Amino acid sequence: MMEERQSFIYKLILYITGFLLFCEWMRPMEQISDTNDVRVFFIYATFCFFISFLQVPWYLSIPLKGLGLAFIIDGLYIAERIFSRDWFSVLYEQVLFNIQMIQSQEWWQMTPLFRSLLFLILLWLMSYLLYYWFVVARRMFFFVVLTLIYVTVVDTFTIFDGKWAIVRTFILGMVALGLSSFAKVMEQESISFKGLQKAQVWALPLLAIILFSSAAAYASPKLDPQWPDPVPYIESAAGGAGPGGSGSGTVQKVGYGEDDSRLGGSFIQDDTPMFRATADGERYWRIESKDTYTGKGWEDTLEEPVTSMDPQNISYELFTDNVEVEEQTVMIEMSRQASFQKLVYPYGLSSLVRFPNDYELLVHENTGEMDTVKGDSPAKVNEFVANYEYPSFEYNQLREAGDDDPQEIRDQYLQLPDGLPNRVRNLAAQIVEAEDNRYDRAKAIESYFSSNGFEYSTTEVPVPDENEDYVDQFLFESQLGYCDNFSTSMVVMLRSEGIPARWVKGFTGGERIDTRETELSDGLQNVYQVTSGNAHSWVEVYFPEIGWVPFEPTKGFTNNTDFYTDVETEEGEDPSAAPDSETPEDQMGNPQQMEEEESSDAAGAAGSSDQRYTWLWVLLSAILVVAIILYFTRYRWMTALLIRKYRKNKDEETYEKAYHYLLKVLDHKGFKRKPEQTLREFAISVDQHYQSNDMRRLTNHYERVIYRNEAQSTHWPKVTELWENLIKKTLS
Amino acid sequence: MIGKEEAAMLSLVALLAKGHVLLEDVPGVGKTMLVKTLAKSLDCDFKRIQFTPDLLPSDVTGVSIYNPKSMEFEFRPGPILGNIVLADEINRTSPKTQSALLEGMEETSITVDGNTVPLSDPFFVMATQNPIEYEGTYPLPEAQLDRFLIKMKMGYPSAKQEMEMLSRTSNGHPIEGISAVLTRDELVDLQKEVLEVYVDRTVNRYIIDLVTGTRTHDGVYLGVSPRGSIALMKAAKAYAFIHDRDYVVPDDVQFMAPYVLSHRMILTSEARFEGQTAEAIIDSLLSSTSIPVKRNISE
């Protein structure tokens, strides 16, 4: 009899080893993931495993485990009183938000609460699974091996030291495997557990062997690693572009950040909306500039002076009155997710017309950073309208500006680190060799990147090593990067040629999502959606008497600053300037050219219908995948359904169906009963394979039903148990 | 009985099913010893008839002799009136004498000189015959063969078994040491209990499928008669009973079928020329007839 043979103590030991093995999985988490404290999870796992072991009915165990889960979530994340209305609404919002994030595949957006919740549910499920694996099916070998692999992998590739984990796993694994094979042999030979239990001698040989072998293994001399450390090899095999050095080059999320002291590393795209701009055309949205290049990134040494300015009259000028301008108005609406407490503004900002009265505007005069302060602390301004003078730079004016920079500009914007490799300077000199004025030199450097094998990429971008220069690495080694690489390199090369330049941060124009009439402008205005993904950096070059002119070296981006040739005054102008006439901003989406864009809108519509089809395909293939999965796992889920059904019905017909279902499952697993094979013969062959006698016992009962025409209802619990065991064994 | 467990078990089946056994094999493999052992282990009246070509029917049934003292004919019972009768080398005698025995086996009584004498209960005949190819034999007519519930062969023992046999018989024959384990009344009770063994319709269906198979088989000239079906069921019941079950499972039928059916069918001459045997045909039928594994089979 099953219950007699599998004593309680035996089950308990087996289950505890399973639990301890599982703990080996959780132990490294604190070191290898951003989990701060795994104790909570340990406690919950213990709780779940304990309840699973007691095998309390589901209507008790599920609420108990659920309550445990709720308390942990409450204690860790939710300030509201537990089970209050607010508590639930916080939970609901969190879950809803995370499900949206999952749907849009933005995994990194998932909040800690939700991740913990998922992990706790995983623990819950594991408690069931391990109970089944270890106690019911007694198949722990797979789990033991998996645990060993896990520990070795974690030990090899992370900072986790798995020395003792390996030893523990080994001993636990041997205990579990020894016990289970012990029990299997006993069952095979039909030895009762009861007699043995009292003597308890049976466990001694097992313990002795385990102790001896682990002691021997521990004491014996170990070889040095036979292979070199595989990690560098694997990393180089994986493309050689993995973040090297101190490991700070982890993957970051794209977006606007304050700290640029260490540039490089890969980015994940992120489409979190930052703000909406209603403007006449696509603009670069400036936030601040930085002046000091360290060899690794940018630092700001010119924070001061900070001046409080009247929003109605902002006296921060990037260019002089010599530049031709056009008065324009823009409305900026910050999104909920945007968190920076400063202005994003277009070039030529002159005044803020709609700006909350209780906010103060603090302008860093050197960098152009405009902090918005409410009371004494920085605060976000959700919406404002700005007047600005949209500049158009005239080519000849730029070319004739000369090199007569004011001393303070020279002092501040020609800085270069001492360690800058000479080949960077040489390259810069080589690029600008043929050009005779500042503008053309800057243009030469700007366009150098587009034609010399540089590639734009947000992934696999290296971080410079301790003794490596960020620009040097990009120019000569990786030639792979994103805006920071391009813009920094351009600034450094310009400075090495004695041209004052600085590095500017902000956002690109964003995506045009609407066109509408506004009260801000006479005609139509475009609405642009700017997201985190639009965060950008570019270059400003100083021209005497003109000011700071934006340049765009990054491959794949166009400078939407307006440049023009004054045909009237400068007839016979160098024709080479013509192709330079850049992208007249109107082409990028000026409302006046809506008609032209209609066609592309139509294309867009076609695209969206394509997208619909894509979705249809995705849906269909998802259904197909689900159907295939359902088909291949049909015995598993059907069994689960049938077990529940058969537990309820206790008539002979059910028994017959259940038995024949078992035959079917066995058939599926390769045990086909031939039609001329009697049930007994079949049962014997099945039992031989599984090394038990369950099938014979079950078949005996079944024979009584069909050949004896006898009710088996008195044996029902036994029969059901046998049946379940067999089916689970077969499916495992 | 060394190496004769199966033969012993089959004999027991026949005994419990109130049937008779025909042992067919070459001399000296232990046919007689088997019967003697069985008789000795039961507390029964054991008779032996050695069939010879000159044996008369009255030597089997018994004769009425005139008793001058009482001035009457007095019936002297023949060996057939014992409980367990060993009919040794039954095919060595004339068909007339053979049928005296065989008819007695079918009826429950014999008639001698106008006197009807009931046969004793239990009544169990174990006949032996040498394979019919041997010289000087009168083969049993096919129609009479099915008076025997079971026909079996003994076969030679294995080398190991024969070694064991030699060492055991070196100091006197072990049969001397056998004592009875069952009385006559107990045996009769057991025979009644066997009748109680339950045979489900599903199993009967299987028996009928098998028997029908012999009738439609290409190599069979005359298939198994309905008497054969009944015999198979009885044998299966007794077999189940021996295995401590009060119901018959298809395994019982499968096990008994070769012994019960093979001597009840006549092969076509083509099949015989091809070297087919009845046992092989039964085997092929067993491996082609599907077993009923569900209830409520519609008849």
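None of these values were measured; they are calculated from a predicted model.

Time to look at the overall build of chain A. Helix and strand counts for chain A come out as 24 helices and 21 strands. Per-residue burial over chain A gives 31% buried out of 732 residues. Look at the contacts in chain A between residues 6 or more apart in sequence, and 74% of them connect residues 24 or more apart.

So, on to the overall build of chain B. Helix and strand counts for chain B come out as 12 helices and 13 strands. At a minimum sequence separation of 6, the contacts of chain B that also span at least 24 residues come to 79%.

Judged by nonpolar contacts, the single largest core of 101 residues is most densely connected at Val21, Ile150, Leu232, Ala235, Val248, Met256 and Val260 of chain B. With nine residues, helix α9 (residues 226-242) of chain B is the single largest residue contributor to this core. Core analysis: the second largest hydrophobic core is formed by 79 residues, Ala277, Trp298, Met331 and Ile499 of chain A among them.

All names here are of chain A. The strand order β7-β10-β11-β12 describes an open sheet built from four strands, whose pairing is antiparallel. Here the strands that pair on one side only, and so sit at the sheet edges, are β7 (306-309) and β12 (377-378). Sheet topology places β7 next to strand β10 (residues 359-364); four bridges connect them, and they run antiparallel. For Ser308, the partnering residue across the bridge sits in β10 and is Leu362.

Summarizing the sequence annotation, UniProt attributes the feature "transmembrane region" (unreviewed entry) to residues 12-29, 41-60, 67-84, 113-134, 141-160, 166-187, 199-219 and 615-637 of chain A in the numbering used throughout. Annotation note: span residues 166-187 of chain A, helix share 100%, strand share 0%, distance between end C-alpha atoms 31 Å.

Our next topic: the interface of chain B and chain A. Each side of the interface is counted separately: chain B has 19 residues, and chain A has 12 residues. Secondary structure elements with two or more residues in the side of chain B that touches chain A: α8 (201-216) and α10 (250-261) of chain B. A class-by-class count of the residues in the side of chain B that touches chain A yields nine nonpolar, six polar and four charged.

Okay, the sheet that holds strand β20 (residues 547-551) of chain A next. Residue and element names in this part refer to chain A. On the basis of which strands lie adjacent, the open sheet formed by four strands has the order β4-β16-β19-β20 and antiparallel pairing. Only two strands of the sheet have a single partner each, and these edge strands are β4 (285-290) and β20. The average angle at which neighbouring strand axes cross in this sheet is 40°, direction not considered. Relative to strand β16 (residues 501-507), β4 is paired through five bridges, and the arrangement is antiparallel. Residue Ser289 lies in a different strand from β16, and its bridge partner there is Val504. On top of the sheet, helix α18 (residues 483-496) reaches β16, β19 (535-543) and β20; it is set at about 15° to β19, its chief contact.

Moving on: unusual backbone geometry. All names here are of chain B. The phi torsion at Glu89 lies on the positive side, around 55°, for a residue other than glycine. Secondary-structure assignment places Glu89 in the loop between β6 (84-88) and α4 (95-106). One non-glycine residue, Asp244, adopts positive backbone phi at about 65°. Residue Asp244 is classed as exposed on the basis of its C-beta count, with 6 C-beta atoms lying within 10 Å.

Bringing the pairing of strand β9 (residues 124-129) of chain B into the picture now. Residues and elements named next belong to chain B. Of all the six residues making up β9, six are buried; the element is thus mostly covered by neighbouring parts of the structure. Here β9 shows no split at all, with Phe124, Met126 and Thr128 on one side and Val125, Ala127 and Gln129 on the other all buried. Pairing analysis gives four bridges linking strand β1 (residues 21-24) to β9, with the strands arranged parallel. Paired with Glu24 across the strands is Gln129, a residue of β9. Of the strand pairs in this sheet, β6 and β9 are connected by four bridges, and their pairing is parallel. The residue of β9 that forms the bridge with Val85 is Val125.

Remember that side chains alternate between the two faces of the sheet whenever the strand is regular. Residues and elements named next belong to chain A. Across four bridges, the pairing between strand β3 (residues 273-279) and strand β8 (residues 324-334) is antiparallel. Note on β8: the bridge partner recorded for Thr278 is Met331. Relative to strand β13 (residues 383-394), β8 is paired through 10 bridges, and the arrangement is antiparallel. Pairing of Glu326 across the sheet is with Tyr390, part of β13.

Moving on, we get to the packing of helix α23 (residues 694-707) of chain A against helix α24 (residues 716-731) of chain A. Residue and element names in this part refer to chain A. Viewed as axis vectors pointing N to C, α23 and α24 meet at an angle of 135°, and their least axial separation amounts to 10 Å. When the axes of α23 and α24 are compared, the pair comes out oblique. You can see that α23 and α24 cross each other, and the crossing is left-handed. On α24, the residues that touch Asp694, Met695, Arg697, Leu698 and His701 of α23 are Val719, Leu722, Trp723, Asn725 and Leu726. Here the residues of the contact of α23 with α24 are counted per class, giving six nonpolar, two polar and two charged.

Turning our attention to helix α2 (residues 31-41) of chain B. Looking at α2 of chain B, one finds that the buried residues are Lys31, Leu34, Val35, Leu38 and Ala39 of chain B. Viewed along the axis of α2 of chain B, the buried residues span an arc of 125°, placing them on a single side of the element.

Analysis parameters
Residues numbered from 1 in each chain as written. Chains lettered and ligands numbered in written order. Predicted model: local features only at pLDDT ≥ 70, side-chain atom pairs only at ≥ 80, totals over all residues. Helix = DSSP H or I, 4+ residues; strand = E, 2+ residues; numbered from the N terminus. Buried ≥ 20, exposed ≤ 12 C-beta atoms within 10 Å, placed from the backbone. Contact = placed C-beta atoms within 7 Å. Core = buried A, V, L, I, M, F, W, Y, C linked by C-beta atoms within 7 Å. Pairing = 2+ DSSP bridges. UniProt positions renumbered as here; feature names shortened; annotations may be inferred. Nonpolar A, V, L, I, M, F, W, Y, C, P; charged D, E, K, R; others polar. Axes fitted to C-alpha atoms, helices over the stretch in contact; angles between N-to-C directions. Parallel < 35°, antiparallel > 145°, perpendicular 65-115°, else oblique. Left-handed = near helix turned anticlockwise from the far one by under 90°. Arc of directions from axis to C-beta.

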